Amino acid sequence: MTTTTTSVSLAVRDVHLAFGAHRVLRGADLDVARGRAACVIGPSGSGKSTLLRTINRLIEPDRGDVLLDGRSVLRDDPDALRQRIGMVFQQFNLFPHLSVLRNITLALRKLKKLGEDEAVALARAQLDLVGLAGKADARPAQLSGGQQQRVAIARALALRPQVMLFDEATSALDPELVKGVLAVMADLAAAGMTMVVVTHEMGFARSVADTVAFMDAGVVLEAGPPEAVFEAPEHPRLRRFLSQVL
Amino acid sequence: MDPLSTLWETFFDWDSMREALPEMLTVGLPNTLTLAVSAALLGSVLGMLLAVAGISRTRWLRWPARVYTDVFRGLPAAATILLIGVGLAPLGMQVWGPNPYPLGVLALSLIAAAYLGEIFRAGILSVEAAQLEGARALGFSWGEAMRLVIIPQGVRRVLPAWVNQLIALIKDSSLVYFLGLLASQRELFRIGQDYAANTGNQSALLLAGLFYLLLTVPLTHAVNWLDRRLRQGRPAAPPEPEPDAEPVDVTPSGREPR
């Protein structure tokens with residue numbers, strides 16, 4: 001998979017966030033070097049998805065900072081920032097009233113101000129990369145979950161993001177459809193995209209991630225190369241988590 | 001004459017109907033459609049503005065929208081039409097002359113907008129929050145996300161209710177007769193009523209009624225058809241099994257340790 005923009009490094013610094021009295025993030029830190037993939041693992045409710053949303057400011061943190069190539073994202077216009085950060089959701093969030101092709105060209109035309117022909121050509125090329133060239137004119141509801149998620153990935157990649165965020169991208173999929181989506185994500189990592197992947201797929205984390213970060217109760221308790229995190233976990237809570245999921 | 005045939009001729013006097021028919025077709029029908037269609041267009045635009053104001057995060061938009069809706073839904077249509085059509089007539093006289101149509105259309109639109117605003121608002125609110133998040137994540141502003149993603153879906157879901165409102169508009173357009181119409185400005189109801197008054201039987205009014213049914217009944221069925229179609233979705237092919245569901249090695253080929 002090819003991307004024409006250069007990736008950036010990503011750093012999350014001491015991010016705090018509370019919804020009322022519920023403290024979801026309590027000083028989370030995360031470092032992803034340029035072109036590397038980080039997998040965030042941890043129990044439900046540990047703040048993984050929320051952390052992801054503070055990176056592209058779908059949720060504004062109460063405290064802390066997010067840096068792209070050392071520059072704080074909090075100084076950017078949030079809409080412009082989100083064009084540089086692709087995001088893929090558990091439920092795909094494709095627009096059901098638009099064809100697959102239009103799902104991808106919408107942002108290209110309205111945000112990147114591309115002409116119709118250029119946008120369509122780019123969208124078709126992107127669809128081809130995720131193996132769905134033949135589905136351009138289908139509606140999202142006519143596709144399987146795995147196909148929909150690959151369209152969502154193509155839609156995000158078409159904007160040439162510098163970072164990609166994946167929020168449990170395969171959790172809503174039937175088991176037999178998971179691998180096709182993971183393969184697309186693994187290719188993307190191999191192509192040098194900076195990625196943060198919230199996932200329950202430990203096999204994927206082990207084989208694709210450069211860094212695995214374990215989150216619990218709103219903080220990253222332990223982070224390191226997958227061999228270290230999976231083979232020699234230090235924190236007792238990580239050991240307990242791994243014993244439950246592996 | 002026996003009472004039954006008197007009753008029959010009160011409603012079904014073919015000669016009275018035949019007499020009224022040409023004017024109904026050439027004057028009444030076009031005028032009714034002009035009123036209803038222009039009020040539908042203007043009312044839909046105003047209704048959409050009301051709906052967006054009604055879900056706005058700014059209280060200074062939400063509140064006026066709320067008050068407007070309460071007022072124009074709560075007043076009898078006849079009162080609104082008289083208040084606007086007669087009350088603003090001196091003003092209208094200076095802008096477009098004595099024609100009662102612009103103010104009639106305005107009054108009908110203002111009434112329809114109150115109902116349509118609530119319909120659109122319900123539709124917009126029914127769109128899943130994930131759609132807004134998906135659009136915002138691509139970099140669309142709140143306004144762009146609403147306009148390009150949320151509103152198109154929301155409106156689609158309430159099309160049946162929207163058509164219902166059009167039916168109400170067609171019927172309510174008869175009320176502009178309050179504003180005083182020249183012979184050429186009369187719509188279906190007024191023409192029927194005039195002929196009924198002249199002939200002393202109600203057949204022409206009944207004919208006007210048939211014209212209304214001719215317009216509204218097909219729309220009613222269109223609503224049902226639309227509703228079914230929206231519920232079941234377009235006749236589409238079900239999702240096919242993934243052609244590429246065969247096992248894929250998630251380890252990328254030729255990936256060097258980084």
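Residues numbered from 1 in each chain as written. Chains lettered and ligands numbered in written order. Predicted model: local features only at pLDDT ≥ 70, side-chain atom pairs only at ≥ 80, totals over all residues. Heavy atoms only, no water.

Going by an unreviewed UniProt entry, chain B carries the name Amino acid ABC transporter permease and comes from Micromonospora tulbaghiae. What UniProt records for chain B under Subcellular location (unreviewed entry) is the sentence "Cell membrane". Recorded in UniProt for chain B, the comment headed Sequence similarities (unreviewed entry) runs: "Belongs to the binding-protein-dependent transport system permease family. HisMQ subfamily." (UniProt positions renumbered as here; feature names shortened; annotations may be inferred.)

With an unreviewed UniProt entry as reference, chain A is termed Amino acid ABC transporter ATP-binding protein, PAAT family, source organism Micromonospora tulbaghiae. What UniProt states about chain A under its Sequence similarities (unreviewed entry) heading is, verbatim, "Belongs to the ABC transporter superfamily." What UniProt states about chain A under its Subcellular location (unreviewed entry) heading is, verbatim, "Cell membrane".

All names here are of chain A. Of all the residues in helix α9 (residues 236–245), the buried ones are Leu 238, Phe 241 and Leu 242. Projection of α9 onto a plane perpendicular to its axis shows the buried side chains occupying an angular sector of 95 degrees, all on one side. More than 90 degrees from the buried face of α9, the exposed residues found are Pro 236, Ser 243 and Gln 244. Of the surrounding elements, those touching the buried residues of α9 are β3 (37–41), α7 (202–208), β9 (211–216), β10 (219–224) and α8 (226–231). (Buried < 20%, exposed > 50% of the residue type's maximum accessible area, 1.4 Å probe, protein only. Helix = DSSP H or I, 4+ residues; strand = E, 2+ residues; numbered from the N terminus. Arc of directions from axis to C-beta. Contact = heavy atoms within 4.5 Å.)

The next point concerns the UniProt feature "domain: ABC transporter" (unreviewed entry) in chain A. UniProt annotation of "domain: ABC transporter" (unreviewed entry) refers to residues 10–242 of chain A when read in the numbering used here. Segment residues 10–242 of chain A splits into 38% helix and 26% strand. End C-alpha atoms: 26 Å apart.

Residues annotated by UniProt as "domain: ABC transmembrane type-1" (unreviewed entry) correspond here to residues 29–223 of chain B. Here residues 29–223 of chain B runs as 82% helix and 0% strand, with 22 Å between its end C-alpha atoms.

So, on to empty space enclosed by the protein. A probe matching the size of a water molecule, rolled over the atoms, marks out where space remains unfilled. On inspection of all chains with the given rule, the structure shows three cavities of 30 Å³ or more. In this structure, the largest cavity spans a volume of roughly 50 Å³. For the largest cavity, the full set of lining residues is A:Met87, A:Val88, A:Phe89, A:Phe92, A:Ala152, A:Arg155, A:Ala156, B:Gly134, B:Ala137 and B:Leu138. Every element with two or more residues in the lining of the largest cavity is listed here: β6 (85–88) and α5 (145–157) of chain A together with α7 (129–138) of chain B. Of the residues contributing to the lining of the largest cavity, the split by class is eight nonpolar, one polar and one charged. (1 Å grid on protein atoms, 1.4 Å probe; cavity = no way out; pocket = protein on both sides within 12 Å on 5 of 7 lines; lining within 4 Å. Points joined across faces, edges and corners; volume = space filled by probe spheres on them. Nonpolar A, V, L, I, M, F, W, Y, C, P; charged D, E, K, R; others polar.)

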